[in-house]
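Commentary on secondary and tertiary structure
Below, each chain spelled out in residue letters.
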Amino acid sequence: MTFSNANLDVNLLPTVRQPEFIPLEKGYHQVILLENFIATGLLLIGFLVLYFWGDLPEIHQFWYVPVIGIGVLMGFVFWFRPKAFSRKGYQLRERDIIFRTGLWWQTETVIPFVRVQHSEVTQGPLGRLFGYATLNLYTAGGSKSDLSIPALHPETARKLEQFVSQKAGLDETE
Amino acid sequence: MKPNDDFSQAARQSNAAIIIIIFNLYRNWIKRLLPIFLALFVSSGKATLLVTTFGIFIVLVALFGIIYFFKYTYYIADNELIIEKGVFKRSKMVIPFERIQSINFKQAILHQIFSVVELEIDTAGSSKIEFDLRAISKQKAEALRQIILNSKPEKSSLPLEETTSPPAPTPKILFKLSFGDLMKVGLTENHLRSGLVPIAMYFWLRDLLRNGGINLDDLATKYADPEKLYQLGLIILGILFLGYALIAILISMIRSVLRFFDLTFYRTEEGFMVTYGLFTKRQISIQDPKIQIFKWQDNLLRKIPKIFNMQIKQAASAEVKKKTSSIHLAGLSERHIHQFLDAYYDKDYAIDDFIGISKWWFIRRLVIYTVLVIGSLILYQYFPEHPAFGISAFFFVTLILTSYLYFRKKKFGVNDEVIHIKGGRFGDSHQLIQLFKIQGVSLKQSPFQRRKDLAGIVIFTAAGNINLPYLAYDVAEKLRDYILQIVETDGRAWM
């Protein structure tokens, strides 16, 4: 096995900081919207159950406190999640894949293909309904270094998965 | 002296296993049955009844142990270790060699008397295999270990470099710890950590007395002159503290001598071997490819004799990522550590240039904690009856101090083979990772870091993550790109 390990000029290295992140599927905003409505609905149902059948006399007097609470919380969620989603994106390079996430606390994780141990494409119930898939890449570096790229077109996800596992040499060991 | 060293025929454990099996059975059963025996004795009051039941129990257990021994056989077939055992219910265990990660030896006192070893096998399975080869002779254990570890590459599908011919059976001694070294380890344990013991004892005593009808708090207010009580309290506290310090030091000295007695480090063909222990002897083997991180650190006390604790962090298996194991060693001098590292690295691991973290890391904490100190002091001014506010002010001041120490010590340096990360607060810690063993890298930015053009970096390895907070953005970016470049071009397998 050969490998070269000459000293490198750090300034000549390719850098990751390029504006070439591929955004996730725009249509996924619908799924987020639907999820938010479902969450709001569940919270309101919980409130109504407590209001009519719960053993809490104060709730009749101060019913507006939980309602305003739910309103503020879901208002924030409705505003925040689409914004955070728009920032998510990935970059596929010759030897690694980069995933960017986070609106305020931003994270960019790079996984070299040679360190991918296992890869899979998953689809949740909403994903199946709307036609989106998630690409999962697992490494030996623990759960924080595993990548999970959501909101991909199922065809894209499968292609990506094939590409990555081919690069990782996972196919040969099958 | 070598009857069927290929283990192809079913063999029993060493004869000494009979005694060890029976001893373990007695220990387990007596623990469980003692209350019943006592109850029998107390209720009947007849000593003869007790003696006869006890006698029957002793004989039955011994019989069971003997049969168990004769029914327990192990052998090797088709690159699998097979164990058949059981008296009433027979069972057969099959352990494929490729799932065996490492084989360590353990010797309790009984083992040492009969010069046999117990095998501890680390397997790469999600389900834990209950493995109890309790006592086989040292030579057999050694031979078994060689067979299992040497056969591994053949079955593995990984393209391993040319496999070495049968490893030399005599490992080279790297270094050995003396009795004096062990005393130093005991003296410099973190005694503060167990400082809660006397306090706990006070509360326990007080509760005991209260249950007996004596209330210490009442007594104090009723009878004692507060001035005298205060003095008495101080004296008792002093005695307690001194006594505690003496006992703590003595206990940790005895403990470290027992635990690390005769600690010897060997360099073997496939990695390292460590043996240590007085009553329970252990022999641990570490294979080079599995080592992910070397970590060594001292504390304030260990700075005086200049000794370090060392941790060798390993990836236990490629499949089961949750399972990592690390080996802890104590009492190593800087020279020992360098002997160790020299033996492991064929490349230069010494780094001269270190880069620290941004001052903003400290400034941010300084501001936050100062606000908290002032807040606590103001609250204390208004509510002097609540000492918690005073204590919290003191607590935040110590946080400022430790943050400053952390900020001063956190540094990293790289060359073309390793990354060396320094850290620590009162003590100093060092971590050394081969760059090609890194699994992935994350760059993190909080809103504050974005304003100051800073970024944190997280390095993922198969034996845990390493954080470097608050680097200048271009430094973090260069470090990340450099690590990726090495990982992606270095052809060596990370494990």
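Since this is a predicted model, take the numbers as computed values, not measurements. (Residues numbered from 1 in each chain as written. Chains lettered and ligands numbered in written order. Predicted model: local features only at pLDDT ≥ 70, side-chain atom pairs only at ≥ 80, totals over all residues. Heavy atoms only, no water.)

**With respect to the sheet that holds strand β3 (residues 96-101) of chain A**
Defined as follows: Here, any two strands with at least 2 DSSP bridges between them count as paired. Only DSSP runs of H or I reaching four residues or more are called helices, and only runs of E reaching two or more are called strands; each is numbered from the N terminus.
Taken in spatial order, the seven strands make up an open sheet running β1(A)-β2(A)-β3(A)-β4(A)-β18(B)-β19(B)-β20(B), and their pairing is antiparallel. In this open sheet, the two edge strands, each paired with only one partner strand, are β1 (22-23) of chain A together with β20 (464-472) of chain B. Strand direction decides the pairing type here: strand β19 (residues 454-461) of chain B and β20(B), joined by seven bridges, are antiparallel. Bridging across to β20(B), B:Leu454 finds its partner in B:Ala472.

**Digging into the environment of B:Leu174**
Residues and elements named next belong to chain B. Stated precisely, the cut-off is as follows: Residue burial is assigned from relative accessible area. The probe radius is 1.4 Å, only protein chains are included, and a residue is buried under 20% of its type maximum, exposed over 50%, and partly exposed in between. Only heavy atoms matter for contacts: two residues are in contact if any of them lie within 4.5 Å across the pair.
In this structure, Leu174 sits in strand β7 (residues 172-176). Overall, the relative accessible area of 15% leaves Leu174 in the buried class. C-alpha of Leu174 to C-alpha of Tyr266: the two residues are 92 residues apart in sequence and 5.1 Å apart in space. Setting aside residues no more than four positions away along its own chain, Leu174 makes contact with Phe265, Tyr266, Arg267, Phe272, Gln339, Phe340 and Ala343.

**Thoughts on the packing of helix α1 (residues 28-53) of chain A against helix α3 (residues 64-87) of chain A**
Residues and elements named next belong to chain A. We count it as follows: Axes, fitted as lines to C-alpha atoms, cover a helix only where it is in contact. Angles between the N-to-C directions of the axes lie from 0 to 180 degrees. Should an angle lie under 35 degrees it is considered roughly parallel, over 145 roughly antiparallel, and from 65 to 115 roughly perpendicular; all remaining angles are considered oblique. The sense of a crossing depends on the near helix, which, turned anticlockwise from the far helix by less than a right angle, makes the crossing left-handed and, turned clockwise, makes it right-handed. For this classification, the nonpolar set comprises Ala, Val, Leu, Ile, Met, Phe, Trp, Tyr, Cys and Pro, the charged set comprises Asp, Glu, Lys and Arg, and every other residue, Gly included, is treated as polar.
In the contact formed by α1 and α3, the axes pass within 10 Å of each other and the chain directions differ by 165°. With respect to α3, the element α1 is oriented roughly antiparallel. Helix-helix and strand crossings are classified by hand; for α1 and α3 the assignment is right-handed. Contact with α1, carried on its side by Tyr28, His29, Ile32, Leu33, Glu35, Asn36, Phe37, Ala39, Thr40, Leu43, Leu44 and Phe47, involves Pro66, Val67, Ile70, Leu73, Met74, Val77, Phe78, Arg81, Pro82, Phe85 and Ser86 of α3 and no other residues of that element. Grouping the amino acids of the contact of α1 with α3 by side-chain chemistry returns 17 nonpolar, four polar and two charged.

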